[in-house]
Amino acid sequence: MSKSVGIVGARGYVGAELIRLIAGHPDFELAFVSSRELVGQRVADQFEGVAGIDPELRYVAPSNEELPGLGADAVVLALPNGKAAACVAAFDNAGMDPVIVDLSADYRFDDTWYYGLPELTRRKYAGQRRISNPGCYATAMQLAVAPMLDALAGPVQCFGVSGYSGAGTSPSDKNDPEKLRDNLMPYALTNHIHEREVTRQLGHEVQFLPHVAPHFRGLTITANLPLSGAFERDAIVSRYRERYADEPMVDVLDEAPWVSRIAGQHHVELGGFTLSPDGRRLVVVATEDNLLKGAATQALQNLNLAFGFDENRGIPQVRHAG
Ligand SMILES: NC(=O)C1=CN([C@@H]2O[C@H](COP(=O)(O)OP(=O)(O)OC[C@H]3O[C@@H](n4cnc5c(N)ncnc54)[C@H](OP(=O)(O)O)[C@@H]3O)[C@@H](O)[C@H]2O)C=CC1
Ligand SMILES: CC(=O)N[C@@H](CCC(=O)OP(=O)(O)O)C(=O)O
């Protein structure tokens, strides 16, 4: 029998990707989708050509207290940071315990929640019904650094560039196409929440230098890793290939991946492995669609895991040449 999934914050960029993914999933159906701005409108009208959306499904705008009454087996919170706790409290107060996947940063530092970056944390999954979805940059950084964790000689630096969909739909300089035109906008150059998230999850200091660029979706991380010994490039590439050999959502390439090729794809690409002449410093490049593996696709992996489905069920395994 299908499991029903409600999406809170479904007008946003991530919510919209989730609607597509849940509608196309063989074992999930949309229970409700919420948006204060789109309330009353037919969801199908926003997603022409997308199969699996009940033509009668309309956006709703429930109060937090009304959420438990909507009866979903799982609820995905795709709200801005700081809004999740009130929703979670409403379920607690009603004595309801659906699977909750929170896309915001609100529970990423809370050990009572499962931190769901499946390729790195699935062995810690023990049936938790509260799941915190990692940050978009944080996903790419962790996947880029994890294979070398036992060989690091100091802090890792990650230079990040994101498309402006990463900044959500609330107007700001970081999603203003006029201000971004011909521009690269640095921000939060120390202590970005994803810097703290990655450092905590990896147990190793990672320094993060984020920027936002004029393209819409997709991010690049260029990671600089000081190594404890001299490495050969072939050994590095083998390490990454072996680590991710059984991971359909992580592709290891020889060349450096391009962000223009990852937009719309569900996996992460790692590549461009370059060593300093002494072999003691490695540069690795990661690309990811921030709205997909950086958010919605990863949420679907987590939902699959929570309901005992194959982790990648319902995720289109597209690989298109750019
Ligand atoms: N964009 C990205 O690349 C990534 C985003 N995330 C996280 O996912 C979440 C959603 O991101 P994104 O889709 O970009 O965000 P958006 O800003 O695009 O969307 C936010 C959603 O929340 C609703 N909303 C906004 N303010 C409130 C409020 N005060 N109370 C209730 N609902 C509200 C909006 O709908 P309405 O106003 O119509 O109710 C909208 O549906 C965020 O926590 C973000 O940090 C995580 C990884 C990547
Ligand atoms: C370009 C841009 O602004 N990107 C966002 C990252 C989006 C994301 O993953 O944010 P959360 O950690 O809030 O979920 C940022 O740097 O805050």
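All of these numbers come straight from a predicted model, not from anything done at the bench.

Here is what the cut-offs are and how they apply
Residues numbered from 1 in each chain as written. Chains lettered and ligands numbered in written order. Predicted model: local features only at pLDDT ≥ 70, side-chain atom pairs only at ≥ 80, totals over all residues. Heavy atoms only, no water. Axes fitted to C-alpha atoms, helices over the stretch in contact; angles between N-to-C directions. Helix = DSSP H or I, 4+ residues; strand = E, 2+ residues; numbered from the N terminus. Left-handed = near helix turned anticlockwise from the far one by under 90°. Contact = heavy atoms within 4.5 Å. Nonpolar A, V, L, I, M, F, W, Y, C, P; charged D, E, K, R; others polar. Buried < 20%, exposed > 50% of the residue type's maximum accessible area, 1.4 Å probe, protein only. Arc of directions from axis to C-beta. Right-handed = clockwise from strand over helix to strand, strands pointing away. Pairing = 2+ DSSP bridges. pLDDT = per-residue confidence, 0-100. Salt bridge = Lys/Arg side-chain N within 4 Å of Asp/Glu carboxyl O.

1. What about the packing of helix H5 (residues 136–145) against helix H7 (residues 193–202)?
Argument step 1. For the pair H5 and H7, interaxial distance at closest approach is 9 Å and the crossing angle is 35°. With respect to the hand of their crossing, H5 and H7 are arranged in right-handed fashion. For the pair H5 and H7, contact is made by Cys 136, Tyr 137, Ala 138, Met 141, Gln 142 and Val 145 and by His 194, Glu 197, Val 198, Gln 201 and Leu 202, respectively.
Argument step 2. Partitioning the contact of H5 with H7 into residue classes produces 7 nonpolar, 3 polar and 1 charged.

2. A closer look at the environment of Val 14
Argument step 1. Structurally, the position occupied by Val 14 is in helix H1 (residues 13–23).
Argument step 2. It is 10.0 Å that separates the C-alpha atoms of Val 14 and Ala 299, two residues lying 285 residues apart in sequence.
Argument step 3. Those residues in contact with Val 14, other than ones at most four positions away along the chain, are Leu 103, Leu 291, Ala 295 and Ala 296.

3. A look at helix H3 (residues 84–93)
Argument step 1. Within the sequence span of H3, burial applies to Ala 84, Cys 87, Val 88, Ala 90 and Phe 91. Burial along H3 is one-sided: seen end-on, the buried residues are contained in an arc of 150°.
Argument step 2. Phi for Gly 95, located one or two positions after H3, is positive at around 70°.

4. Observations regarding the pairing of strand E4 (residues 99–102)
Argument step 1. Of the two faces of E4, the one holding Val 99 and Val 101 and the one holding Ile 100 and Asp 102 are both buried throughout.
Argument step 2. One crossover worth recording links strand E3 (residues 74–77) to the parallel E4 by way of H3, and it is right-handed.
Argument step 3. Where E4 lies against strand E6 (residues 130–132), 3 bridges are found, and the strand directions are parallel. Bridged to Val 101 within E6 is Ile 131.

5. Describing the side chain of Arg 130
Argument step 1. Tracing the chain through its elements places Arg 130 in strand E6.
Argument step 2. Judged by its relative accessible area of 15%, Arg 130 is buried.
Argument step 3. Contacts of Arg 130, omitting those with residues within four sequence positions, involve Val 88, Asp 92, Met 96, Asp 97, Ile 100, Trp 113 and Tyr 114.

6. Points about the confidence of the model for the chain
As a note on interpretation, predicted positions should not be read in detail where pLDDT is low.
Argument step 1. Across the chain, pLDDT averages 97, with 99% of residues at or above 70.
Argument step 2. The ipTM assigned to the predicted complex is 0.97, against a pTM of 0.97.

7. Quick notes on the pattern of salt bridges
Argument step 1. Tallied over the full model, the rule gives 18 salt bridges.
Argument step 2. For Glu 17, the salt bridge is made with Arg 217, and the minimal N-O distance between the two is 3.0 Å. With Glu 17 in helix H1 and Arg 217 in the loop between strand E9 (206–212) and strand E10 (219–226), this residue pair connects regions lying 200 residues apart in the sequence.
Argument step 3. Asp 111 is the partner of Arg 200 in a salt bridge, and the nearest nitrogen-oxygen pair spans 3.1 Å. Note that Arg 200 is positioned in helix H7 and Asp 111 in the loop between E4 and strand E5 (114–115), a separation of 89 residues in sequence.
Argument step 4. Take Arg 200: its relative accessible area is 36%, and that puts it in the partly exposed class.
Argument step 5. Judged by relative accessible area, Asp 111 falls into the exposed class, the value being 65%.

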